[in-house]
Amino acid sequence: MPCFRGEYLVSAEESPRQREWRPQIYRKCTDPAWLILFFLFWVGLTFIMGYSVIAGAAGRLVFGYDSYGNVCGKKNSPVEGAPLSGQDMTGRKHVFFMNSCDLETKDLKINSIALCVSSCPEEQLDTLKDVELFAKNNGSFLCVYNLNSVNYTQSPSAASLCPRLPVPPSKSFPLFNRCVPQTPECYSLFASVLINDVDTLHRILSGIMSGRDTMLGLCILAVALSLTMMFTFQFITTLLLHIFISLVVLALLLVSGVLWWLYYDYINDLSIELDTEKENMKCLLGFAIVSTVIAVVLLILIFVLRERIQLTVDLFQVTSKTIRSSPSLLLQPLWTFIILIFFWVLWVAVLLSLGTAGTAEVTTRGHVEYKLISGIRYMWWYHLIGLIWTSEFILACQQMTIAGAVVTCYFNRNKSDPPRRPILSSLVTLFNYHQGTVVKGSFLITMVRIPRTVFTYLSNTLKEKEESTCAKYTLKYCSSCFGCLDKCLSHLNQNAYIATSINGTDFYTSARDSHNILSKNPGHIASVSCFGDFMIFLGKIFVVYFTVFGGLMAFNYHRELQVWAIPLLLVAFFAYLVAHNFLSVFEAVLDTLLLCFVIDMETNDGSPEKPYFMDQELMSFMNRSNKLIDAKTRRNRKSLTNEDGTELQPIVR
């Protein structure tokens, strides 16, 4: 691997020149220690994955299981000491509780015997004869497996081996594939025990599994909206920008209004008794408040920046020209998205397996219970760090690749003959020399987001404790501070990746150099970057809000049997990551162009000896933006003068 072979010569010059702001002749591996650290971290993740496969049983969570350790719908292996375990349940896909109208729990364990049955009784069964006829006609046996169906009415032990009479009518619901009783009194008790008294993690996972089809559809919607926004920015015009801003305003008002309407509907619903519905109601209130605040802030910003729409159109046209010179830049998010999807699916699969990791214990009655393995919750935290760090690493690789391609095209004298395969060249340089820099940058983001996640979790935990008001506000303040630090680090990382693509330096040196050169031109560059970043952010908000709106309409139909606030949060998070993944092409190209422009102005003067690398269109745009910013500055200065036109002077003592 070239990363560990010293310097790599990429031109015909015999000796390295002094470092300057140009694509370096020599490349060497940057931040190798961080690459080794990331490798060791993934060794730990691989161990957790293997452990979850061996110790976990996601099938128990997805398909449900009976009291004897058999997973419904599957062929099972026997458990030592449990004579009714190890049965072939391929044709029995539903979980049936023999005492569904009188469920109780003790130490998070349900007192009723659970069986795997082929179908749920849709009509009430009043006698054992009815139970026997149901077994004969439907092939669904509602008594314990070792009791033959022909002996339901003859065996003296049938009363203890068969369900309590009368058996209420029930239907299978996609929540662990359980037979849910349909009579009002049984349904209320069944749902309150089954949903409210199970472990929180299992309730969240059950909400994910029961809403998996809806979540998949919403994820596809997020991808479609992101692609639409990407092509809109590629061919943007003044009219198209006005239409886009109108749609964003509509989305902000629509989603906020629907959230408040749903919350009002919840608080006026007198039938709400389950904890899941109460939790959904609280989450709705939180969603509504956050959405309203975001809507108000964005509407104010849109109003303030309305006069600079034409400048924004010109900015995106300059960015689109760079992308058109290298069309493969638009395909860059595709492979990133595929890798992210593969990793997220793998991560969720491991999470489900970890959530069901437990050792089988046989009771005196021959029942099988699963005891949570000690230390498994530490693996969950390690697994969460792996999600954040690896996701940020993948996204950072995309930023570095795009930056390298744009740098190669920008610092090319012959604009009529652009470099061939700049994306491929940038990828080779990244994976051979600069993976350590990307790992270091993504690690810094992870170290900010982990405490932010912890503070948010602790704040939510203390919500219902009246005596912890001070602690709640302190935690919220800390979470907000880490959020601001997250934004600053993201911008620092982006500039550091661009500087690394240009000079081939390590993360710290690149961040310092980019900060120093940008600090010489803070006003104009920051203003131009602000316009573009704000419009890109509106595009991300557009994708997230319309995806969340679709999720609200879909999840609200099953409000009583799932904690849909968590799936909706996951969908919103996925929608934002997808939108960020696709639209970050424009963001990365824009930031790279601006930094290259500053470097070009710093190292060249436009003379025949030192001509600029920029094309005429970029130079014209920067001149127009500078004039606009200067005109605004002069207007602000005039506002500081008095009515007679005399400028106010400071008092001299």
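Residues numbered from 1 in each chain as written. Predicted model: local features only at pLDDT ≥ 70, side-chain atom pairs only at ≥ 80, totals over all residues. Heavy atoms only, no water.

### Here we look at the overall build of the chain
Helix and strand counts for the chain stand at 18 helices and 10 strands. When burial is assessed residue by residue, the chain has 49% of its 653 residues classed as buried. Taking the contacts inside the chain whose residues are at least 6 apart along the sequence as the reference set, 72% of them involve residues at least 24 apart. Of the accessible surface of the chain, which amounts to about 32,400 Å², a share of 61% is contributed by carbon and sulfur atoms. (Helix = DSSP H or I, 4+ residues; strand = E, 2+ residues; numbered from the N terminus. Buried < 20%, exposed > 50% of the residue type's maximum accessible area, 1.4 Å probe, protein only. Contact = heavy atoms within 4.5 Å. Areas by Shrake-Rupley, 256 points an atom, 1.4 Å probe, with all protein chains shown as cover.)

### Concerning helix H14 (residues 469–503)
Across its 35 residues, H14 extends 51 Å between first and last C-alpha, which sits within 8% of the 51 Å expected from 1.5 Å per residue. Count one or two residues on from H14 and you reach Gly 504, which has phi positive near 70°. (Expected span 1.5 Å × (residues − 1).)

### Some words on helix H12 (residues 376–410)
The end-to-end C-alpha distance of H12, which contains 35 residues, comes to 51 Å, matching closely the 51 Å that a straight helix rising 1.5 Å per residue would cover. Extensive coverage of H12 is indicated by the burial of 28 of its 35 residues.

### Here's the deal with the confidence of the model for the chain
In the predicted model, the chain carries a mean pLDDT of 77, and 77% of its residues have values of at least 70. No element of the chain has a lower mean pLDDT than strand S1 (residues 8–9), at 48, and none a higher one than strand S6 (residues 114–117), at 91. Overall, residues 8–19 carries pLDDT values under 50, and its contacts beyond four positions in sequence, including any with other chains, amount to 25 contacts. (pLDDT = per-residue confidence, 0-100.)

### Focus: a nonpolar patch on the surface
On the surface, a nonpolar cluster with roughly 430 Å² of combined accessible area is contributed by Leu 239, Ile 243, Leu 247, Leu 250 and Leu 254. Residue placement: Leu 254 occurs in helix H8 (residues 238–267). (Patch = residues over 30% accessible without salt bridge, like charges linked within 9 Å, V, L, I, M, F, W, Y side chains within 5 Å. Salt bridge = Lys/Arg side-chain N within 4 Å of Asp/Glu carboxyl O.)

### A look at the state of the cysteines
In a disulfide, the sulfur atoms of two cysteines are held together by a covalent bond. Scanning all chains against the criterion turns up three disulfides. Between the sulfur atoms of Cys 72 and its disulfide mate Cys 116 the distance is 2.0 Å. The sign of the S-S torsion, about -85°, decides the handedness of the disulfide formed by Cys 72 and Cys 116: left-handed. One end of the pair, Cys 72, is in the loop between helix H2 (58–63) and strand S3 (94–97); the other, Cys 116, is in strand S6, with 44 residues separating them in the sequence. Assessed through its relative accessible area of 1%, Cys 72 is described here as buried. Sulfur-sulfur distance for the disulfide between Cys 120 and Cys 179 comes to 1.9 Å. Where Cys 120 bonds to Cys 179 through sulfur, the torsion about that S-S bond is close to -75°, and the disulfide is left-handed. Residue Cys 120 is found in the loop between S6 and helix H3 (128–138), and its partner Cys 179 is found in strand S8 (residues 178–181); the two are separated by 59 residues along the sequence. (Disulfide = S-S within 2.5 Å.)

### Examining the UniProt feature "transmembrane region" (unreviewed entry) in the chain
UniProt records the feature "transmembrane region" (unreviewed entry) at residues 34–58, 215–233, 240–264, 284–305, 334–360, 380–411, 534–555 and 561–579, using the numbering of this structure. Summarising residues 334–360: 81% helix, 11% strand, and an end-to-end C-alpha distance of 44 Å. Span residues 380–411 is 97% helix and 0% strand, its end C-alpha atoms 46 Å apart. (UniProt positions renumbered as here; feature names shortened; annotations may be inferred.)

### Description of the nonpolar core
Of all hydrophobic cores here, the largest spans 113 residues; its most connected members are Phe 244 and Tyr 410. For this core, the element with the highest residue contribution is helix H17 (residues 565–603), accounting for 22 residues. Among the nonpolar cores identified, the runner-up in size contains 29 residues, and Tyr 68, Phe 134, Tyr 145 and Cys 179 belong to it. (Core = buried A, V, L, I, M, F, W, Y, C linked by side-chain atoms within 4.5 Å.)

### A short note on the packing of aromatic side chains
Applying the stated rule across the entire model yields 14 aromatic pairs. When the ring of Trp 34 is compared with that of Phe 443, the centres are 5.1 Å apart and the planes differ by 50°; the resulting orientation is tilted. Highlighted residues: Trp 34 in helix H1 (residues 32–55) and Phe 443 in helix H13 (residues 422–461), separated in sequence by 409 residues. Ring pairs connect the aromatic residues Trp 34, Phe 38, Phe 41, Tyr 382, Trp 389, Phe 393 and Phe 443, which therefore count as one cluster. (Phe/Tyr/Trp six-rings, centres within 6.5 Å; stacked < 30°, edge-to-face > 60°.)

### Observations concerning the pattern of salt bridges
Within this structure, the stated rule accounts for five salt bridges. Asp 513 is paired through a salt bridge with Arg 512; the nearest N and O atoms lie 3.6 Å apart. Note that Lys 540 is salt-bridged to Glu 587, the shortest N-O span being 3.2 Å. A residue pair is termed long-range when its members are at least 10 positions apart, and Lys 540 in helix H16 (residues 522–555) and Glu 587 in helix H17 qualify at 47 residues. Because the salt bridges share partners, they merge into one network encompassing Glu 392, Arg 449, Arg 452 and Asp 486.

### Quick look at unusual backbone geometry
Note the cis peptide between Leu 165 and Pro 166, where omega equals -5°. The phi angle at Asp 31 is positive, at roughly 50°, despite the residue not being glycine. Secondary-structure assignment places Asp 31 in the loop between strand S2 (26–27) and H1. Asp 31 gets classed as buried once you look at its relative accessible area, which sits at 12%.

### Structural notes on the environment of Pro 181
Turning to its location among the elements, Pro 181 is positioned in strand S8. We classify Pro 181 as buried; its relative accessible area is 0%. Along the chain, Pro 181 and Val 167 lie 14 residues apart, while their C-alpha atoms are 8.9 Å from each other.

### Remarks on the side chain of Lys 440
As for its position among the elements, Lys 440 is in helix H13. At 4.1 Å, Asp 31 is the nearest oppositely charged side chain to Lys 440, a buried residue that forms no salt bridge. Beyond its immediate stretch of four places on either side in the chain, Lys 440 contacts Asp 31, Trp 34, Phe 507 and Tyr 508. (Lys, Arg positive; Asp, Glu negative; His and termini not counted.)

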